[in-house]
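Descriptive structure summary
So the chains spell out like this:
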Amino acid sequence: QVQLVESGGGLVQTGGSLRLSCAASGRTFSMNAMGWFRQAPGKERQFVAAISWGASYIYYADSVKGRFIISRDNAKNAVYLQMNSLKPEDTAVYYCAATTTNWGRASDEYDYWGQGTQVTVSS
């Protein structure tokens, strides 16, 4: 009942920046928290960042703290991830997600997922 579509991924050099966007449609009024996760080949899905409905609570994984910024625009039904000072270890498929109940930092907490967008950081 909620559809999420990511965009903005691509190829960037070490130290560069990318801005990921996620557009939501459907029953967007039911959404609570939104988050970003990533998954590299052969690895488990990893939490990146999450933001509450009113942006009063924001959490980042230690690996991206100080480099990434999550934000949302509820009027546009969108969430963003500004990624700065990118490193090769940031290479992964990035997914946006949303929950309609409560929320957390675990993927099991989220109800809806986008299709993912590839981010590749070259050295």
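Check the entry above for the structure.
Small disclaimer: the values here were computed from a predicted structure and weren't measured.

What follows covers the overall build of the protein. Per the secondary structure count, the protein includes 0 helices and 11 strands. Its helices and strands taken in sequence order, the protein reads β-β-β-β-β-β-β-β-β-β-β from the N to the C terminus. Relative to the compact-globule value of 14 Å for 123 residues, the protein shows a C-alpha radius of gyration of 13 Å, a close match. Based on the C-alpha atoms only, the size of the protein along its principal axes is roughly 40 × 30 × 25 Å. Within the protein, the fraction of its 123 residues that count as buried is 42%. Carbon and sulfur atoms make up 47% of the accessible area of the protein, which totals about 6,300 Å². For the protein, the distance from the average position of its 11 positive side-chain charges to the average position of its 9 negative side-chain charges is 5 Å.

Turning to the sheet that holds strand S7 (residues 68–73), a few remarks are in order. Strand order in the open sheet formed by 4 strands is S1-S3-S8-S7, with antiparallel pairing between adjacent strands. Two strands bound the open sheet, and with one partner strand each, they are strand S1 (2–7) and S7. Between one strand axis and the next, the sheet turns through 15 degrees on average, direction left out of account. Two strands pair when backbone bridges link them, and S1 and strand S3 (residues 18–26) are joined in this way by 6 bridges, in the antiparallel orientation. Looking across to S3, one finds that Leu-4 is bridged to Ala-24.

Right, let's talk about the pairing of S7 for a bit. Strand residues, when the strand is regular, have side chains that alternate between the two faces of the sheet. Every second residue of S7 is oriented toward a common face, the buried set being Phe-68, Ile-70 and Arg-72 and the non-buried set Ile-69, Ser-71 and Asp-73. Hairpin connection between S7 and strand S8 (residues 78–83): a loop of 4 residues separates the two successive antiparallel strands, and Asn-77 in this loop has a positive phi of roughly 55 degrees.

A few words now on the state of the cysteines. Tallied over the entire structure, the rule returns 1 disulfide. The disulfide bridge from Cys-22 ends at Cys-96, spanning 2.0 Å between sulfur atoms. One disulfide, between Cys-22 and Cys-96, carries an S-S torsion of 50 degrees and so falls in the right-handed class. In this pair, Cys-22 sits in strand S3 while Cys-96 sits in strand S9 (residues 92–98), placing the two residues 74 residues apart along the sequence. By the burial criterion, Cys-22 is buried, and Cys-96 matches it.

For the rest of this paragraph, the subject is the nonpolar core. Leu-4, Trp-36, Leu-81, Met-83 and Tyr-94 are the most contacted members of the largest nonpolar core, which totals 34 residues. Contributions of two or more residues to this core are made by S1, S3, strand S4 (34–39), strand S5 (46–51), S7, S8, S9 and strand S11 (117–122).

Calculation criteria
Residues numbered from 1 in each chain as written. Predicted model: local features only at pLDDT ≥ 70, side-chain atom pairs only at ≥ 80, totals over all residues. Heavy atoms only, no water. Helix = DSSP H or I, 4+ residues; strand = E, 2+ residues; numbered from the N terminus. Rg over C-alpha atoms; globule rule 2.2 N^0.38 Å. Buried < 20%, exposed > 50% of the residue type's maximum accessible area, 1.4 Å probe, protein only. Areas by Shrake-Rupley, 256 points an atom, 1.4 Å probe, with all protein chains shown as cover. Lys, Arg positive; Asp, Glu negative; His and termini not counted. Charge placed at Lys NZ, Arg CZ, Asp CG, Glu CD. Pairing = 2+ DSSP bridges. Axes fitted to C-alpha atoms, helices over the stretch in contact; angles between N-to-C directions. Disulfide = S-S within 2.5 Å. Core = buried A, V, L, I, M, F, W, Y, C linked by side-chain atoms within 4.5 Å.

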